[in-house]
Amino acid sequence: MSGARLAEALADRYRIERELGAGGMATVYLADDLRHERKVAVKVLRPELAATIGPERFLREIRIAAQLQHPHILPLLESGEADGFLYYVMPFVDGQSLRERLTRQGELPVHEAVKLVSEVVDALSYAHGRGVVHRDVKPDNVMISGRHALVMDFGVAKAVSEASGRNQLTTAGVALGTPAYMAPEQAAADPHLDHRVDIYAVGVMAYELLAGRPPFVGGSPQQVLAAHVTEAPDPVSKYRPGISPALEQAIMRCLAKRPADRWQSADELLTQLEPLVTPSAGMTPTSTRPIAGYRAPGKRRWLIPGAALVGVLALGTAWVLWGHRSSTRLPPVQLERTQLTFTGNAFNPTVSGDGQRVAYATRQCDASGRCANDIVVQDVAGAGSAVILKGVTAIWGLDWTADGRFLIMTGSYRDHWGVFSLSALGGEPRYLGCCGGNMVNASDTALLMGFVPGTDSLVRLRWVTISDGIARDSISIPADKEGAVSARQLPDGRHILLEYAGRGESQLVRTDRQGTRLDSMPLSQYQSLLQVAPDGKSLLIQAGHARAFEADIIRFPIDRNGRIESRPDTVVRQWSANAGVDASSGGMMVYGYGPIEYSVSALSRESATSLRFRERRLAGGTATTIGTLSSAGDRALLWRNVRVGDRLLVQLSVIPFDSGPEISLGPPRDIYDKDWAQDGRSILIGVRQGDSIAMMEQDAASDRSRLLATYPRTDYVAVETIPGGGYVLITSLRSFRRVGAPGLADSTWEMPFEAGTLSSIDPSPDGRAFVSIGWDPSFDSILVHRVSLVDGTVRRLGTFYGENAEQVRWLSDGSILVAIGETTWNLVWYRIPAGGGPAVRVGAPPRYPADYRFSTDGRRVLMLSNEKHSDIYLARNFGEVFKR
């Protein structure tokens with residue numbers, strides 16, 4: 001097909017930019033719609049097909065497809081004939097097709113697959129009701145825009161078939177349909193096809209989304225077609241164990257050989273799928289299963305007050321005996337779930353002790369894009385809900401008092417951050433103190449944990465009366481430098497359970513009321529304490545999985561002496577890794593669920609101070625995707641979490657900023673940290689090797705790499721490369737090491753205590769210093785410093801206030817760009833002039849939460865964003881898992 005002739009033929013309406021791809025029926029071009037100033041996709045029929053059909057019949061039939069208007073159908077904007085070309089025009093979707101998603105990621109998370117298939121079936125239901133059959137449903141014809149499915153080429157295959165005057169398998173040598181997705185009657189060239197061929201194709205597509213392969217594969221299209229007609233497909237659970245029987249039955253009935261044995265309408269199929277679009281997304285109903293010596297991998301976390309520090313944890317991997325072995329074994333218990341909210345904007349839930357009310361947070365944004373949080377109390381029985389507090393800057397946790405009169409909020413409000421008490425009836429909250437807190441068994445007492453001023457090795461526990469905010473008792477305990485994450489008083493009133501998170505080992509520590517350590521229990525990798533059961537007989541620990549959005553909830557019994565037994569006796573499988581847990585003494589539990597869609601975009605701006613952007617999406621998906629930009633801004637280094645067996649590894653790739661394909665860098669590896677070298681030709685990678693980190697330099701265009709050094713894992717947090725050669729190794733929140741700098745010997749320095757922490761750093765253009773951002777020792781303000789790489793001296797450049805210390809970037813003109821998360825939902829950029837002086841507020845970027853990575857000239861930006869939708873669900877029989 002002559003691209004130049006096509007461009008000339010359509011020049012009065014469309015400016016053809018480039019070819020996007022070619023299929024069995026058409027070639028697709030990206031074009032500018034000159035009249036409406038928008039991007040469109042122009043699809044041009046293959047010349048031999050156009051010659052066979054003729055323009056009149058094709059255009060007459062395709063007008064039917066143009067009448068379809070539905071949220072999950074990509075509309076047909078125009079069709080026509082020009083200089084012998086038959087074409088039709090659709091909106092250009094800056095996303096990926098479902099086929100591209102499968103090719104890159106393989107099988108989809110179950111909840112996502114069910115959601116997308118349901119949206120496709122919804123579109124089919126609408127079209128079938130108007131007499132339009134697609135006849136070519138497949139992943140290639142489903143675009144993913146945001147988190148939603150858009151079916152394209154709707155009715156085009158039918159239009160081609162009808163316009164050609166016959167329903168045969170091929171017309172002019174072109175397959176009308178795709179062998180892997182053809183219903184048996186379609187493969188057999190039955191002239192009497194109806195909407196049930198689409199039902200069959202949906203079943204094939206759903207099978208592939210879950211199994212990672214279609215039900216029939218073969219060495220040739222003829223073999224595949226024959227299998228559709230003669231062979232029975234394997235149950236989808238053979239390739240995806242754990243999906244619910246209801247989901248499997250819905251899919252396998254679509255694949256019945258006889259049309260009369262399938263679902264008879266898309267509406268009927270949609271009725272089966274809609275109940276499965278739940279937090280477990282069609283997985284086997286969540287249940288408890290007795291286990292022994294449970295282990296599971298999962299997600300890392302670095303939890304420091306303020307939720308601002310960037311770090312990487314390597315946690316212990318073995319359970320150590322603590323107390324007695326449990327012989328209790330419980331039968332499976334299916335959780336009965338009820339959805340309480342339907343906005344996708346509810347999080348941090350907590351249920352009252354009597355199980356009658358639920359409190360949660362919602363986000364509210366004004367016309368300017370500035371966002372804050374409200375706190376809502378909702379009656380479980382359906383009596384209604386009420387907003388009891390508006391305009392909260394940040395909410396990290398909520399907890400009811402035992403008598404249900406107050407809520408304890410951990411977050412940021414007005415001029416304070418820390419712990420607040422709030423009447424359940426509303427009104428101004430009372431500030432109780434810094435920094436984190438939980439309720440204790442007394443209905444009027446909160447246990448607060450904060451830092452001891454002037455030290456980095458102690459934290460203080462305070463028992464504060466809610467009604468007057470007065471501390472009645474306090475003790476100081478070691479912070480162990482790794483960071484005391486949380487403190488909970490056990491319901492017996494005599495013991496305290498502390499959770500520590502560190503680079504070496506994460507653990508639970510049990511102390512008495514005086515802070516004397518009694519015993520401890522290491523947590524295995526990716527595990528964290530969720531809650532001590534209200535009755536004090538057990539604690540719940542979440543253990544993440546390598547598979548996205550899944551985790552297990554493990555129950556450890558607590559004996560009458562407060563000792564935690566060594567082995568769990570119950571586990572709740574297939575939980576949402578993004579879900580919170582809050583159980584009441586009445587056996588009820590609530591949680592929030594939010595699948596996350598990650599997106600990586602290239603932003604170009606007119607100058608380093610401009611807030612006008614041109615945006616291009618580079619990559620996205622539900623796999624955790626992070627990235628960084630080369631100094632010149634010409635390429636992005638991406639890394640994705642991928643599951644290989646039971647391991648969660650990292651796949652590195654490089655993608656051009658402007659245009660070009662994404663190129664993978666070797667196989668997935670157990671990578672700890674990574675950064676571009678300053679020359680942009682290589683990258684530095686910290687690879688886990690047992691208890692050590694091997695620092696490797698790898699060519700960015702190949703798999704060639706060389707070993708630079710090996711460090712103990714406990715001496716490694718993050719790496720930044722230095723212009724001119726070498727790198728800075730952050731070895732703790734207050735120390736760093738200069739390695740390989742030209743003309744300078746390797747050295748290690750400690751940041752002065754008053755300089756606060758190292759949250760993010762960036763080297764100067766001359767390679768002789770770096771700028772750092774982090775929290776002051778009391779975690780009240782955010783500090784920016786210039787740190788010399790020659791002698792380690794430190795000079796303060798600015799003090800900022802906000803919720804998150806996000807990032808600093810030393811630009812090539814000598815100025816420094818500072819990103820501050822003012823609230824959970826608002827990010828602001830400041831610029832410190834090259835010659836020093838007060839920081840100048842630049843403004844807010846396009847959206848937040850998001851991470852931004854800058855080129856050294858500040859004009860190219862890599863935006864790493866995610867979209868999370870969360871609702872609140874209730875499990876009324878959750879207490880059954882605690883029965884002894």
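Cut-off values and rules
- Residues numbered from 1 in each chain as written.
- Predicted model: local features only at pLDDT ≥ 70, side-chain atom pairs only at ≥ 80, totals over all residues.
- Heavy atoms only, no water.
- Salt bridge = Lys/Arg side-chain N within 4 Å of Asp/Glu carboxyl O.
- Helix = DSSP H or I, 4+ residues; strand = E, 2+ residues; numbered from the N terminus.
- Buried < 20%, exposed > 50% of the residue type's maximum accessible area, 1.4 Å probe, protein only.
- Phe/Tyr/Trp six-rings, centres within 6.5 Å; stacked < 30°, edge-to-face > 60°.
- Lys NZ or Arg CZ within 6 Å of the ring centre and 35° of its normal.
- Axes fitted to C-alpha atoms, helices over the stretch in contact; angles between N-to-C directions.
- Parallel < 35°, antiparallel > 145°, perpendicular 65-115°, else oblique.
- Left-handed = near helix turned anticlockwise from the far one by under 90°.
- Contact = heavy atoms within 4.5 Å.
- Nonpolar A, V, L, I, M, F, W, Y, C, P; charged D, E, K, R; others polar.
- Pairing = 2+ DSSP bridges.
- pLDDT = per-residue confidence, 0-100.
- Expected span 1.5 Å × (residues − 1).

### A short note on the pattern of salt bridges
Here is step 1: Counted by the stated rule, this structure contains 25 salt bridges.
Here is step 2: Residue Arg101 is joined to Glu112 by a salt bridge in which the shortest nitrogen-to-oxygen separation is 2.5 Å. In this pair, Arg101 is assigned in helix α4 (residues 98–105) and Glu112 in helix α5 (residues 110–128), connecting sequence segments 11 residues apart.
Here is step 3: Owing to a relative accessible area of 8%, Glu112 belongs among the buried residues under this scheme.

### A few points about the packing of aromatic side chains
Here is step 1: Applying the stated rule across the entire model yields 9 aromatic pairs.
Here is step 2: Ring centres of Phe800 and Tyr830 lie 5.1 Å apart, and the angle between their planes is 55°; this geometry places the pair in the tilted category. Of this pair, Phe800 sits in strand β52 (residues 794–800) while Tyr830 sits in strand β55 (residues 826–832), and the two are 30 residues apart along the sequence. Of the two residues examined, Phe800 and Tyr830, each falls in the buried class.
Here is step 3: Its guanidinium or amino end placed over the ring of Trp263, Arg253 lies 4.0 Å from that ring's centre, counting from NZ or CZ.
Here is step 4: Over the aromatic face of Trp463 sits the side chain of Arg513, whose NZ or CZ is 4.2 Å from the ring centroid.

### Considerations on the packing of α4 against helix α8 (residues 196–211)
Here is step 1: Between α4 and α8, whose axes approach to 10 Å, the crossing angle comes to 25°. When the interaxial angle is binned, α4 and α8 end up roughly parallel. As for the relative orientation of α4 and α8, their crossing is left-handed in sense. Of the residues in α8, those in contact with Leu98, Arg99 and Leu102 of α4 are Met205, Glu208 and Leu209.
Here is step 2: Taken together, the residues of the contact of α4 with α8 sort by class into 4 nonpolar, no polar and 2 charged.

### Quick look at the sheet that holds strand β15 (residues 371–379)
Here is step 1: Ordered in space as β13-β14-β15-β16, the 4 strands form an open sheet in which the pairing is antiparallel. Both outer strands of the open sheet, β13 (347–351) and β16 (385–392), are each paired with one neighbouring strand and no more. Sheet twist, expressed as the average angle between the axes of neighbouring strands with direction ignored, equals 20°.
Here is step 2: Note that β15 and β16 share 5 bridges and pair antiparallel. Paired with Asn373 across the two strands is Val392, which belongs to β16.

### Here's the deal with the confidence of the model for the protein chain
Interpretation of this model should avoid reading the predicted coordinates in detail wherever pLDDT is low.
Here is step 1: Mean pLDDT over the protein chain stands at 77; residues scoring 70 or higher make up 80%.
Here is step 2: Of the regions scoring below 50 in pLDDT, residues 163–176 engages in 39 contacts with residues more than four places distant in sequence or in other chains.

### Points about α8
Here is step 1: Taking 1.5 Å as the rise per residue, α8 with 16 residues should run 22 Å; its terminal C-alpha atoms sit 23 Å apart, in good agreement.
Here is step 2: Counting buried residues in α8 gives 16 out of 16 residues, a clear majority hidden from the surface.
Here is step 3: With its phi angle positive at about 80°, Gly212 sits one or two positions after the end of α8.

### Some words on the sheet that holds strand β45 (residues 718–721)
Here is step 1: The antiparallel open sheet is built from 4 strands, whose spatial order is β45-β46-β47-β48. Either end of the sheet is taken by a strand with one partner, and the two such strands are β45 and β48 (747–750). Pairwise comparison of adjacent strand axes, ignoring direction, gives a mean angle of 20° for this sheet.
Here is step 2: Taken together, the 4 bridges between strand β46 (residues 727–730) and strand β47 (residues 735–739) define a ladder with antiparallel strand orientation. In the sheet register, Tyr727 faces β47, and the bridge partner there is Val739.

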